[in-house]
Amino acid sequence: MTFQFELGQQVKLIGSAEQGYVSGRADYLESAPSYFVRYRAADGRLTEAWWSGSALAAYEPVVGIAEGPMADPTVGNGSKNGGSGDPAAAPSEALPSQA
């Protein structure tokens, strides 16, 4: 059987506003594939759980808009340098002259 969702693919839980990404998947001889999803729960907790493919739907977040119950969990701390959290990677900004 083929997998319905790719590793790293954004998904949402059907019937809720919870969304996340597939971080693992399992294939069985006598059962449908399952997906390990990391997502932000409705109460704000970051959590992981196994879900059947029928409980999930593909999700395409709108680029540049951070709304909904979850920011992209694959991005660091959400800093203006792209979320890496590395201050050395921050864009250079004009500093006041030391004259």
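Small disclaimer: the values here were computed from a predicted structure and weren't measured.

Trainee: Got a minute to help me understand the environment of Ala-41 in this structure?
Mentor: Within the secondary structure, Ala-41 sits in the loop between β3 (34–40) and β4 (46–52). Given the relative accessible area of 5%, Ala-41 is considered buried. Filtering out sequence-adjacent residues up to four positions away, Ala-41 remains in contact with Glu-18 and Thr-47.

Trainee: Just to check I follow, could you spell out the pattern of salt bridges for this structure?
Mentor: A side chain with one charge can pair with a side chain of the opposite charge if their charged atoms come near. Here the structure, examined in full by the defined rule, presents two salt bridges. Between Arg-25 and Glu-6 there is a salt bridge, with the nearest N and O atoms lying 3.8 Å from each other. Of this pair, Arg-25 sits in strand β2 (residues 19–26) while Glu-6 sits in the segment before β1 (10–13), and the two are 19 residues apart along the sequence. For Arg-25, a relative accessible area of 29% translates into the label partly exposed. What makes Glu-6 partly exposed here is its relative accessible area of 48%. In this structure, Asp-43 engages Arg-45 in a salt bridge whose closest nitrogen and oxygen atoms are separated by 2.8 Å.

Trainee: Please clarify how the nonpolar core should be interpreted in this entry.
Mentor: Soluble, globular proteins show a tendency: their nonpolar side chains are buried together. Counting nine residues, the largest nonpolar core is built from Phe-5, Val-11, Leu-13, Val-22, Tyr-35, Val-37, Tyr-39, Ala-41 and Leu-56. At the level of secondary structure, the elements contributing two or more residues to this core comprise β1 and β3. If you tally residues by element for this core, the top one is β3, at three residues. Beyond its immediate stretch of four places on either side in the chain, Leu-13 contacts Glu-18, Tyr-39, Trp-51, Ala-55 and Leu-56.

Trainee: Help me understand the pairing of β4 in this model?
Mentor: On a regular strand, each side chain points to the face opposite its neighbour's, so the side chains alternate between the two faces of the sheet. When β3 meets β4, the two strands line up antiparallel, connected through seven bridges. Residue pairing for β4: Phe-36 is matched across the bridge by Trp-50. Between β3 and β4, which pair antiparallel and follow one another directly, the connecting turn spans five residues, one of which, Gly-44, has a positive phi of 95 degrees.

Trainee: I would appreciate a short explanation of the confidence of the model for the protein in the present structure.
Mentor: In regions of low pLDDT, the predicted coordinates are not meant to be interpreted in detail. In the predicted model, the protein carries a mean pLDDT of 76, and 63% of its residues have values of at least 70. Below a pLDDT of 50 lies the segment residues 75–95, which in the model reaches 14 contacts outside its immediate sequence neighbourhood of four places, other chains included.

Trainee: For this particular structure, what's the right way to read the sheet that holds β2?
Mentor: Note on sheets: strands pair through backbone hydrogen bonds, and any given pair is parallel or antiparallel. Pairing is antiparallel in the open sheet, where five strands are placed in the order β4-β3-β2-β1-β5. Every interior strand has two partners, whereas the edge strands, β4 and β5 (56–58), have only one. Taking each pair of neighbouring strands and ignoring which way they run, the sheet shows an average axis angle of 45 degrees. Sheet analysis places β2 next to β3, joined by six bridges and oriented antiparallel. Note on β3: the bridge partner recorded for Arg-25 is Tyr-35.

Basis of the calculations
Residues numbered from 1 in each chain as written. Predicted model: local features only at pLDDT ≥ 70, side-chain atom pairs only at ≥ 80, totals over all residues. Heavy atoms only, no water. Helix = DSSP H or I, 4+ residues; strand = E, 2+ residues; numbered from the N terminus. Buried < 20%, exposed > 50% of the residue type's maximum accessible area, 1.4 Å probe, protein only. Contact = heavy atoms within 4.5 Å. Salt bridge = Lys/Arg side-chain N within 4 Å of Asp/Glu carboxyl O. Core = buried A, V, L, I, M, F, W, Y, C linked by side-chain atoms within 4.5 Å. Pairing = 2+ DSSP bridges. pLDDT = per-residue confidence, 0-100. Axes fitted to C-alpha atoms, helices over the stretch in contact; angles between N-to-C directions.

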